[in-house]
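Spelled out, the chains give:
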Amino acid sequence: MPGAESSVLEDFIRALRASDVPVSPAEAIDAHRALADVGFSDRTLVKDALAVTLAKSVEEVARLDVCFDIFFARREFTASGAEAAPTDDGDLEDMILAEDRAALANAMEAAAGAVGASDIQLSTQRGLFGRRLLDQMGLRGLEARIAALRDAEAADQRALAERLAAGRAELFVQANAFVDRQARLYAGETGRRLREQILAKQAFTAIAGEDVRAMEALVRRMARRLAQRYARRRHRAKVGKLDVRHTVRKSLTHDGVPFDIVWKQETIEKPQIVVVCDVSRSVAAAAQFLLLFLHSLKEVVQRLDAFAFSDRLVSVDDLLDDETVDDAITLILERVGFRPTDYGRALQDLFDQHGARLDRRTTVIILGDGRSNYAEPRLDLMRRLADQTRSVIWLNPEPETYWGQGDSKMDLYARFCRVAKTCNTLTGLERIIEDVLRTHLPR
């Protein structure tokens, strides 16, 4: 494939990767070979060849279609107007005066390559790259020429200055459109990832209303990643790790020939999780994201029993099973949310409703700030919970310096927990949930 076409394809592959379509080196080579055979003359054929070689799923085909249409659309300097004779001179002033839109478009693309417009990473860089693009095309010289003509005494020169000024204004418009297109191709996914990194480290209570949907999408994506990592129930029976000692012993009856292979048998069960969420006003936001995270992990959890409480504890399994996650969380908050908290009453309710199912295979995850409004904390029930289950993990949105202050009994509850940590960001939540899965389902 000629160098120019190869460079175009490499830029397109970069844009495709920025659109969250992974492209391996082998796939990129296949795309080069395919286009070397089909050429660039037939737009539909080019798109089909790229889809066949680069897209691996229906979702990736859809992203490729969008990326292709944006990348191979030259919308700059294509408005209808009088036909102009092409100019051989690359001078910006001559192209503007001749109204040679094709030459201006070619010059803009050449300038974009020279300044690396495809290296744009954030949408906030559009102004920077737009100015670099215009400077590369010769804007500074054009502005100096306009200023000199406006100072001239001759009317025809001042009229020429106005023609050039109008062309410059149009140039600004087209350059902005060009850079916007580059930002859509190369900066959109980068900006999304940066935004998600910020959201993942932001306190649950500080999530703005307009970011809730993005946060929910990020929670689902994180949960999906963990689910894919730990989805397989590992049953090593006739496959898995070789039992060398027993295999050698059996081979002795066959003159040392290992006719009978013995495999180590190990069954690793999926975890059984009971989650207890404080949905009072102080921690409702964190509870919302924890419930969403755990609900998205149901495929790798053998049993998930969810409870929510403020002044009393209720099971919310029916809501999580029958409603969409968004509706379920809304109904949960309506049912018991935003009320004064009583941890002692919640522990008593947990044993009354669910005590028979709490055993040594169960991991209990409690989300709450440990503030019980000076009610009886029922440490005896907390000790019983720790003794009866595999482990108790307490996630507290408050920093540890607040534990034990005022009506907080967190310092007392923490004695009975295998893990008691501050967890007020999505990154921290993912780390702790993965630790639970790793304990039951080692990779």
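Note that the structure is predicted; figures quoted are calculated from it, not measured.

1. Structural notes on the packing of aromatic side chains
Applying the stated criterion to the full structure yields nine aromatic pairs. Geometrically, the ring pair formed by Phe 309 and Tyr 343 is edge-to-face, given 5.0 Å between the ring centres and 80° between the ring planes. One end of the pair, Phe 309, is in strand β4 (residues 303–309); the other, Tyr 343, is in helix α15 (residues 343–354), and 34 residues separate them in sequence. Residue Phe 309 is classed as buried on the basis of its relative accessible area of 1%. What links up through ring pairs into an aromatic cluster is the set Phe 12, Phe 68, Phe 71 and Phe 72.

2. Some remarks on the nonpolar core
In this structure, Phe 12, Leu 16, Leu 50, Leu 54, Leu 64, Leu 92 and Leu 133 are the most contacted members of the largest nonpolar core, which totals 53 residues. The greatest single-element share of this core, amounting to twelve residues, is contributed by helix α9 (residues 155–200). Two domains share this core, each providing at least three of its residues, namely domain 1 (3–80) and domain 2 (84–197). Formed by 50 residues, the second largest nonpolar core is a distinct cluster that contains Leu 218, Ala 287, Leu 304 and Ile 329.

3. Side note on helix α2 (residues 25–38)
Between its first and last C-alpha atoms α2 spans 20 Å; for 14 residues at 1.5 Å apiece the expected length is 20 Å, and the two agree. For α2, the set of buried residues is Glu 27, Ala 28, Ala 31, His 32, Ala 34 and Leu 35. Around the axis of α2, the buried residues are gathered within 165° of arc, so they sit on the same side. Pointing more than 90 degrees away from the buried face of α2 are the exposed residues Pro 25, Arg 33 and Asp 37. Gly 39 occupies a position one or two residues after α2 and carries a positive phi of about 75°.

4. Some points on unusual backbone geometry
Positive phi is not limited to glycine here, since Tyr 374 has a value of about 65°. Along the chain, Tyr 374 turns up in the loop between β6 (362–367) and α16 (379–388). You can call Tyr 374 exposed: its relative accessible area is 65%. Its identity is not glycine, yet Arg 378 carries a phi of approximately 55°, on the positive side. With respect to the helices, strands and loops of the structure, Arg 378 is situated in the loop between β6 and α16. Arg 378 gets classed as partly exposed once you look at its relative accessible area, which sits at 24%.

5. Quick word on the pattern of salt bridges
This model, assessed by the stated rule, comprises 20 salt bridges. For the salt bridge of Arg 101 with Glu 170, the shortest nitrogen-to-oxygen distance reads 3.5 Å. Taken together, the residues span a long stretch of sequence, with Arg 101 in helix α6 (residues 101–115) and Glu 170 in helix α9 at a distance of 69 residues. The exposure class assigned to Glu 170 is partly exposed, which follows from its relative accessible area of 29%. Notably, a salt bridge pairs Asp 305 with Arg 357, separated by 3.8 Å at the nearest N-O pair. Note that Asp 305 is positioned in strand β4 and Arg 357 in the loop between α15 and β6, a separation of 52 residues in sequence. For Arg 357, a relative accessible area of 39% corresponds to the partly exposed category. It is possible to trace a salt-bridge network through shared partners that takes in Arg 131, Asp 135, Arg 140 and Glu 143.

Parameters and conventions
Residues numbered from 1 in each chain as written. Predicted model: local features only at pLDDT ≥ 70, side-chain atom pairs only at ≥ 80, totals over all residues. Heavy atoms only, no water. Phe/Tyr/Trp six-rings, centres within 6.5 Å; stacked < 30°, edge-to-face > 60°. Helix = DSSP H or I, 4+ residues; strand = E, 2+ residues; numbered from the N terminus. Buried < 20%, exposed > 50% of the residue type's maximum accessible area, 1.4 Å probe, protein only. Core = buried A, V, L, I, M, F, W, Y, C linked by side-chain atoms within 4.5 Å. Domains from an automatic or database assignment. Expected span 1.5 Å × (residues − 1). Arc of directions from axis to C-beta. Salt bridge = Lys/Arg side-chain N within 4 Å of Asp/Glu carboxyl O.

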